[in-house]
Amino acid sequence: MKSEPEEASIDDLAAQGTLPWVGVRNYQARNFMRDAMRTGDQAFFYHSGCTEPGIAGICEICSDAYPDPTQFDPVSPYFDPRTKPEQPRWWLRDVRFVAKTRPLGLPELRSHAELAGMRVLARGNRLSITPVTAEEWQFICGPLLGRHQEE
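Scope of this entry: the structure provided in the associated data block.

Criteria and cut-off values
- Residues numbered from 1 in each chain as written.
- Predicted model: local features only at pLDDT ≥ 70, side-chain atom pairs only at ≥ 80, totals over all residues.
- Heavy atoms only, no water.
- Helix = DSSP H or I, 4+ residues; strand = E, 2+ residues; numbered from the N terminus.
- Rg over C-alpha atoms; globule rule 2.2 N^0.38 Å.
- Buried < 20%, exposed > 50% of the residue type's maximum accessible area, 1.4 Å probe, protein only.
- Contact = heavy atoms within 4.5 Å.
- Salt bridge = Lys/Arg side-chain N within 4 Å of Asp/Glu carboxyl O.
- Arc of directions from axis to C-beta.
- Polar contact = N/O pair within 3.5 Å; in protein donor to acceptor, adjacent residues only side chain to side chain.
- Pairing = 2+ DSSP bridges.

The subject of this paragraph is the overall build of the protein. Secondary structure summary: the protein contains four helices and seven strands in total. Overall, the protein shows an N-to-C arrangement of helices and strands of β-α-β-α-β-β-β-β-β-α-α. Its C-alpha atoms give the protein a radius of gyration of 15 Å, within 12% of the compact-globule value 15 Å for 151 residues. Expressed along its principal axes, the backbone C-alpha trace of the protein runs to roughly 45 × 30 × 30 Å. Taken over 151 residues, the protein has a buried fraction of 41%. Sequence-distant contacts in the protein: of pairs separated by 6 or more residues, those separated by 24 or more amount to 68%.

Below is the structure:
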């Protein structure tokens, strides 16, 4: 799950405990979040749009999908004038802080053959939400982060 640190960082999540993952405005990313994620799933918290993009921590999905209220707020940068409360277009989930990790930047992630197919590392990827395979998760949490936890 990508976020620009100026908007929501792993430190913000640690301080607040939980955050709504607002502002997803791409249909494919929305579908991953709305349809594929489940309460209790863990995700990498990835900082993007910064000097050193990469994994900054781990969060847990702690809610079912629900309509993103920013789509209805005319003063929000995520306002969508085409959507109506009775037919929301954009959904979100709440995330809970699990852990801050050492920074795992793009060059380091790309240097491992085990992660060659990881969607977030694909050239030109702009999605803010991308799936991670069990093998990718285990490799990052194990050899790279030294964490031994369940998926």
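From this point on, the discussion continues.
Moving on to the pattern of salt bridges. Evaluation of the coordinates by the stated rule reveals seven salt bridges. Its salt-bridge partner being Arg 102, residue Glu 108 comes within 2.6 Å of it at the nearest N-O pair. Of the residues examined, Arg 102 reaches a relative accessible area of 39% and is grouped as partly exposed. The structure contains a network of salt bridges with shared partners spanning Asp 80, Arg 82 and Arg 89.

A turn of α-helix holds 3.6 residues, and therefore any two residues three or four places apart point the same way. Taken together, the buried positions of helix H2 (residues 27-36) are occupied by Ala 29, Arg 30, Phe 32 and Met 33. Taken down its axis, H2 places every buried residue within 160° of arc, on the same side. Lining the buried residues of H2 we find strand S6 (91-92). N-cap assignment for H2: the residue whose side-chain oxygen lies 2.9 Å from the backbone N of Gln 28 is Asn 26.

Attention now moves to the pairing of strand S7 (residues 94-105). Judged from the three bridges that link them, strand S2 (residues 18-20) and S7 form a sheet pairing that is antiparallel. By the bridge assignment, Thr 18 is partnered in S7 with Arg 96. In the sheet, strand S4 (residues 54-61) pairs with S7 via seven bridges, with the strands oriented antiparallel. Within the sheet, the bridge partner assigned to Glu 60 lies in S7 and is Arg 96.

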